[in-house]
Amino acid sequence: MNKSTVYIKCPECGKTALVEQLQGKYVCANCSFDYTKLKDDPRKLDEILIENLKNGQMGQLMALTIHRWITLMPYNESINYVKGLAINNGIKWAGDRKGCIWTLFEKIFFRKKSY
């Protein structure tokens, strides 16, 4: 049973595909690219994160998740790293002072209803 709901653009096949957890690895459901190998190639990992950061809040949320899974950094440290990566590459960070995930949470659960 697949537990992942993370979809990112795969660097191998170029498709936006589900990232599956399979035998202790994170792989592209489309082409089986092994994302866990990126732990040893931080420059390539940054390239993939930057590509996905450009896709607004959902892309940023997916980039945060992938970064955390691959690097195993503590949550706040991972957020600060990915946020810095976005800002340093001229990508508007979707979050405010509360962070991207909270902003997304607010939009989903506390959006103003228009009647």
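Only a predicted model underlies this, so the values are computations on that prediction, with no experimental measurement involved.

Student: Can you walk me through the pairing of strand 2 (residues 16–22) in this structure?
Tutor: Working note: regular strand, side chains alternate between the two faces of the sheet. Bridge analysis of strand 1 (residues 7–9) against strand 2 gives 3 bridges, and the strand direction is antiparallel. Across the sheet, residue Y7 finds its bridge partner in strand 2, namely L18. Two elements, strand 2 and strand 3 (residues 25–28), share 4 bridges in a ladder whose sense is antiparallel. Within the sheet, the bridge partner assigned to V19 lies in strand 3 and is C28. Taken together, strand 2 and the strand that follows it, strand 3, pair antiparallel across an intervening segment of 2 residues, in which Q23 is found at a positive phi of about 50°.

Student: How do you make sense of helix 3 (residues 75–88) when you look at a structure like this?
Tutor: Helical geometry note: an α-helix holds 3.6 residues per turn, so side chains three or four residues apart project in the same direction. In this model helix 3 runs 20 Å from its N-terminal to its C-terminal C-alpha over 14 residues, within 8% of the 20 Å that 1.5 Å per residue would give. Restricting attention to buried positions, one finds in helix 3 the residues S78, I79, V82, L85 and A86. Considered in projection along helix 3, the buried side chains sweep an arc of 130° and stay on one side of the axis. Exposed residues on helix 3 whose side chains face more than 90 degrees from its buried face are N76, N80 and N88. Of the residues trailing helix 3, G90 is marked for its positive phi of about 70°.

Student: Explain the packing of helix 1 (residues 42–53) against helix 3 to me, please; I cannot follow it from the model alone.
Tutor: Two measures define how a pair of helices packs: the angle their axes make with one another and the distance between the axes. Where helix 1 meets helix 3, the axes come as close as 10 Å, and the angle between the chain directions of the two elements is 70°. When the interaxial angle is binned, helix 1 and helix 3 end up roughly perpendicular. Contact with helix 1, carried on its side by D46, L49, I50 and L53, involves Y81, V82, L85 and A86 of helix 3 and no other residues of that element. Taken together, the residues of the contact of helix 1 with helix 3 break down into 7 nonpolar, no polar and 1 charged.

Student: So what exactly am I meant to see when it comes to the state of the cysteines here?
Tutor: Here is the idea: a disulfide is a covalent bond, and it sits between the sulfur atoms of two cysteines. Inspection of every chain in the model, using the stated rule, returns 0 disulfides. Unpaired in terms of disulfides, C10 finds its nearest cysteine sulfur in C31, a separation of 3.6 Å. What makes C10 buried here is its relative accessible area of 3%.

Student: Can you help me understand the sheet that holds strand 3 in this one?
Tutor: Within a sheet, adjacent strands bond to each other through the backbone by hydrogen bonds, running parallel or antiparallel. Judged by pairing direction, the sheet is antiparallel, and its 3 strands sit side by side in the order 1-2-3 without closing on themselves. The open sheet has two edge strands, strand 1 and strand 3, and neither has a second partner. Strand-to-strand twist across the sheet, computed as the mean angle between neighbouring axes with direction ignored, equals 45°. Packing against the sheet, helix 2 (residues 56–71) makes contact with strand 1, strand 2 and strand 3, and its axis sits at approximately 90° to strand 1.

Rules and cut-offs
Residues numbered from 1 in each chain as written. Predicted model: local features only at pLDDT ≥ 70, side-chain atom pairs only at ≥ 80, totals over all residues. Heavy atoms only, no water. Pairing = 2+ DSSP bridges. Helix = DSSP H or I, 4+ residues; strand = E, 2+ residues; numbered from the N terminus. Expected span 1.5 Å × (residues − 1). Buried < 20%, exposed > 50% of the residue type's maximum accessible area, 1.4 Å probe, protein only. Arc of directions from axis to C-beta. Axes fitted to C-alpha atoms, helices over the stretch in contact; angles between N-to-C directions. Parallel < 35°, antiparallel > 145°, perpendicular 65-115°, else oblique. Contact = heavy atoms within 4.5 Å. Nonpolar A, V, L, I, M, F, W, Y, C, P; charged D, E, K, R; others polar. Disulfide = S-S within 2.5 Å.

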